[in-house]
Amino acid sequence: MTFQQYQPIISCLQSCATACENCATLATRQVVGAEECIVACRDTAALCSLIAELMARESSLSNWLLPVCELACDSCADECELHREMLFGDCARQCRELHVVLDASA
């Protein structure tokens, strides 16, 4: 794939990374007992950022890491949904959106 073909995925990954980092920050301040959620959010944000950067460079590594990112996004969304009454929900929504974007790009 070329950069142009990757662009919708890159945008989704960047949005997901931002939402996950924001969720982790919010959970740190407002949610007692959300340690697993915080770790999942930060790990997912790091993966999404890395893969978006690799895709922007058209690195073949992105194709290897994208399935790992999908798993991380699923795990993160599941964990955030456990605390949905205390969190904004944007993180889980952005994580789930990655599947939609990837399916549309296939």
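Above this text you will find the structure in question.
Now for a description of the structure that goes with this document. (Residues numbered from 1 in each chain as written. Predicted model: local features only at pLDDT ≥ 70, side-chain atom pairs only at ≥ 80, totals over all residues. Heavy atoms only, no water.)

### With respect to the overall build of the protein chain
Point 1. Within the protein chain, the regular secondary structure consists of four helices and zero strands.
Point 2. Listed N to C, the secondary structure of the protein chain is α-α-α-α in terms of helices and strands.
Point 3. Overall, the C-alpha framework of the protein chain stretches about 45 × 20 × 15 Å when taken along its three principal axes.
Point 4. For the protein chain, the residues scored as buried account for 42% of the 106 residues in total. (Helix = DSSP H or I, 4+ residues; strand = E, 2+ residues; numbered from the N terminus. Buried < 20%, exposed > 50% of the residue type's maximum accessible area, 1.4 Å probe, protein only.)

### Here we look at the nonpolar core
Point 1. Leu13 and Cys41 are the most contacted members of the largest nonpolar core, which totals 34 residues.
Point 2. Elements represented by at least two residues in this core include exactly α1 (3–30), α2 (35–56), α3 (61–81) and α4 (90–105).
Point 3. The element contributing the most residues to this core is α1, with eleven residues.
Point 4. When neighbours within four sequence positions are excluded, Cys41 is seen to be in contact with Cys20, Cys23, Ala24, Cys76, Cys80 and Cys91. (Core = buried A, V, L, I, M, F, W, Y, C linked by side-chain atoms within 4.5 Å. Contact = heavy atoms within 4.5 Å.)

### A look at the pattern of salt bridges
Point 1. Summed over the entire model, instances satisfying the criterion amount to six salt bridges.
Point 2. Between Glu21 and Arg42 there is a salt bridge, with the nearest N and O atoms lying 2.7 Å from each other. Here Arg42 lies in helix α2 and Glu21 lies in helix α1, a separation of 21 residues in the sequence.
Point 3. Assessed through its relative accessible area of 31%, Glu21 is described here as partly exposed.
Point 4. Classification of Arg42 by relative accessible area gives partly exposed; the value is 34%.
Point 5. Ionic pairing is found between Arg57 and Glu53, a salt bridge with its closest N-O pair at 3.7 Å.
Point 6. Residue classification places Glu53 among the partly exposed positions, given a relative accessible area of 45%.
Point 7. One network of salt bridges, in which partners are shared, links Asp74, Asp78, Glu81 and Arg96. (Salt bridge = Lys/Arg side-chain N within 4 Å of Asp/Glu carboxyl O.)

### Section: α4
Point 1. Given a rise of 1.5 Å per residue, 16 residues ought to cover 22 Å, and the 22 Å separating the end C-alpha atoms of α4 matches this to within 8%.
Point 2. All buried positions along α4 are accounted for by Cys91, Ala92, Gln94, Cys95, Leu98, Val101 and Leu102. (Expected span 1.5 Å × (residues − 1).)

### A closer look at unusual backbone geometry
Point 1. Despite not being glycine, Glu58 shows a phi value in the positive range, around 60 degrees.
Point 2. Inspection of the secondary structure puts Glu58 in the loop between α2 and α3.
Point 3. Residue Glu58 is classed as partly exposed on the basis of its relative accessible area, which comes to 43%.

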